Amino acid sequence: MPVSRKTSRKAKQLQKLRQESISFFKEIYKDEGKVLVFGEGNPDAPLVLVGEAPGHQEVVQQRPFVGQAGENLNKFLGILGIKREDIYITNAVKFRPTKVDTTTGRVSNRPPNREEIELCRGLLYNELSIIRPVLVVSLGNIPLKVLTDDNKIAIGQVHGTPIEIAIGEEGLKMTLFPLYHPASIIYRPQLKEIYLEDVKRLKRYLQDIGVL
Ligand code: URA
């Protein structure tokens, strides 16, 4: 795909946002040395995927959705017939939320807490304001709540149905397509059929709006 002036402008804006975010969070997390995992992909993409938060592999590679999560994502993109490099992929929270088992010392993932979500909310809104995609797909409850700015909304009620959202102070309008998180079907196998049906609906929706 040729690099248009518009694309390179967005890429530069994202690069600037990344640098500013690294400095901002370095100060906040100076004692914990947390690593920021910024979004990646095509800055001019019509489609942005928003996950929950990075895990261990994402921190090691400093990239969203790699390792097991990346494999799940690739299967999902395979159903849609979309290449990873053609979209933009990011997370609602840009740091790995961890907990430590005090007896074994083992570090594991935990869901992001309210403070972490709020700290990263503006950064996600800024990424989307630069990219201005045709469609945002949220994976799981956390990005759904952040993008709708509604803490009571639940994925079980709205999965597979497009929602009009207005993000940030500007109230920038975009369409959100909420999906269950691909990893949730590992823990809740009863969701698999619903999830696959939603992905097929997403495919039809993308075809209808001319993205596929
Ligand atoms: N890895 C990510 O980057 N995000 C998720 O939501 C899960 C795993």
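Residues numbered from 1 in each chain as written. Predicted model: local features only at pLDDT ≥ 70, side-chain atom pairs only at ≥ 80, totals over all residues. Heavy atoms only, no water.

### Here's the deal with the overall build of the protein
Phase 1 of the analysis: Scanning the protein for helices and strands turns up eight helices and eight strands.
Phase 2 of the analysis: Radius of gyration (C-alpha) of the protein: 17 Å, near the 17 Å computed for a compact globule of 212 residues.
Phase 3 of the analysis: In terms of principal-axis extent, the alpha carbons of the protein reach across some 50 × 45 × 30 Å.
Phase 4 of the analysis: A burial count over the protein gives 46% of its 212 residues as buried.
Phase 5 of the analysis: For the protein, the share of sequence-separated contacts (at least 6 apart) that also reach a separation of at least 24 residues comes to 68%.
Phase 6 of the analysis: When the 31 basic and 25 acidic side-chain charges of the protein are each reduced to a single mean position, those positions are 3 Å apart. (Helix = DSSP H or I, 4+ residues; strand = E, 2+ residues; numbered from the N terminus. Rg over C-alpha atoms; globule rule 2.2 N^0.38 Å. Buried < 20%, exposed > 50% of the residue type's maximum accessible area, 1.4 Å probe, protein only. Contact = heavy atoms within 4.5 Å. Lys, Arg positive; Asp, Glu negative; His and termini not counted. Charge placed at Lys NZ, Arg CZ, Asp CG, Glu CD.)

### Here's the deal with the sheet that holds strand 8 (residues 172-179)
Phase 1 of the analysis: Spatially, 1-3-2-6-8-7 is the arrangement adopted by the six strands of the open sheet, whose pairing is mixed. Either end of the sheet is taken by a strand with one partner, and the two such strands are strand 1 (40-41) and strand 7 (163-167).
Phase 2 of the analysis: Strands in contact with helix 4 (residues 114-131) are strand 2 (47-51), strand 3 (88-91), strand 6 (135-139), strand 7 and strand 8; relative to strand 3, the strand with the most contacts, it is inclined by about 165°.
Phase 3 of the analysis: Set on the sheet, helix 8 (residues 192-208) makes contact with strand 2, strand 6 and strand 8; between it and strand 8 the angle comes to about 145°. (Pairing = 2+ DSSP bridges. Axes fitted to C-alpha atoms, helices over the stretch in contact; angles between N-to-C directions.)

### Observations regarding the packing of helix 3 (residues 67-80) against helix 8
Phase 1 of the analysis: Between helix 3 and helix 8, the least distance of the axes is 9 Å, while the angle of their chain directions is 45°. For the element pair helix 3 / helix 8, the angle class is oblique. Our pair here, helix 3 against helix 8, has a crossing hand that is right-handed. Here helix 3 contributes Phe76, Ile79 and Leu80 to the contact with helix 8, which in turn contributes Tyr195, Leu196, Val199, Leu202, Lys203 and Leu206.
Phase 2 of the analysis: Across the contact of helix 3 with helix 8, the residue classes tally to eight nonpolar, no polar and one charged. (Parallel < 35°, antiparallel > 145°, perpendicular 65-115°, else oblique. Left-handed = near helix turned anticlockwise from the far one by under 90°. Nonpolar A, V, L, I, M, F, W, Y, C, P; charged D, E, K, R; others polar.)

### With respect to the pairing of strand 8
Phase 1 of the analysis: Counting buried residues in strand 8 gives seven out of eight residues, a clear majority hidden from the surface.
Phase 2 of the analysis: Direction of pairing for strand 6 relative to strand 8: parallel, over a ladder of five bridges. Paired with Val136 across the bridge in strand 8 is Leu176.
Phase 3 of the analysis: Inspection of the sheet shows strand 7 paired to strand 8 by five bridges, in the antiparallel sense. For Ile163, the partnering residue across the bridge sits in strand 8 and is Leu176.
Phase 4 of the analysis: Between strand 7 and strand 8, which pair antiparallel and follow one another directly, the connecting turn spans four residues, one of which, Gly168, has a positive phi of 70°.

### Some points on the side chain of His181
Phase 1 of the analysis: Take His181: it is sitting in the loop between strand 8 and helix 7 (184-187).
Phase 2 of the analysis: Of the residues examined, His181 reaches a relative accessible area of 17% and is grouped as buried.
Phase 3 of the analysis: For His181, the side chain forms a polar contact with the main-chain nitrogen of Ala183, separated by 3.0 Å.
Phase 4 of the analysis: Setting aside residues no more than four positions away along its own chain, His181 makes contact with Glu52, Phe65, Leu139 and Gly140. (Polar contact = N/O pair within 3.5 Å; in protein donor to acceptor, adjacent residues only side chain to side chain.)

### Notes on the nonpolar core
If you look at soluble globular proteins, the nonpolar side chains tend to sit buried side by side.
Phase 1 of the analysis: Ranked by size, the top nonpolar core spans 57 residues in total, and within it Phe76, Val137, Leu147 and Leu202 carry the most contacts.
Phase 2 of the analysis: Among the elements that line this core, the one with the most residues is helix 4, at eight residues.
Phase 3 of the analysis: Beyond its immediate chain neighbours, meaning those up to four positions away, Phe76 contacts Leu49, Leu179, Tyr195, Val199 and Leu202. (Core = buried A, V, L, I, M, F, W, Y, C linked by side-chain atoms within 4.5 Å.)

### A short note on the site of the ligand
Phase 1 of the analysis: Taken together, Gly51, Glu52, Ala53, Pro54, Glu58, Pro64, Phe65, Ala69, Asn91 and His181 are the residues near the ligand.
Phase 2 of the analysis: For the ligand, an oxygen atom lies 3.0 Å from a polar atom in the backbone of Phe65.
Phase 3 of the analysis: Take His181: an N or O atom from its side chain is 2.8 Å from an oxygen atom of the ligand.
Phase 4 of the analysis: Within the complex, 89% of the 240 Å² of free accessible area of the ligand lies under protein.
Phase 5 of the analysis: Partitioning the shell around the ligand into residue classes produces five nonpolar, three polar and two charged. (Near = heavy atom within 4 Å. Areas by Shrake-Rupley, 256 points an atom, 1.4 Å probe, with all protein chains shown as cover.)

### Quick word on helix 4
Phase 1 of the analysis: In this model helix 4 runs 26 Å from its N-terminal to its C-terminal C-alpha over 18 residues, within 8% of the 26 Å that 1.5 Å per residue would give.
Phase 2 of the analysis: The sharpest bend along helix 4 reaches about 35° and sits at Cys120.
Phase 3 of the analysis: Residues of helix 4 that are buried include every one of Glu116, Ile117, Cys120, Arg121, Leu123, Leu124, Tyr125, Glu127, Leu128, Ser129, Ile130 and Ile131, and no others.
Phase 4 of the analysis: With a side-chain oxygen positioned 3.2 Å from the backbone nitrogen of Glu115, the residue opening helix 4 is Asn113.
Phase 5 of the analysis: A positive phi of about 45° marks Arg132, the residue just after helix 4. (Expected span 1.5 Å × (residues − 1). Bend = angle between axes of the 7 residues up to and from the residue.)

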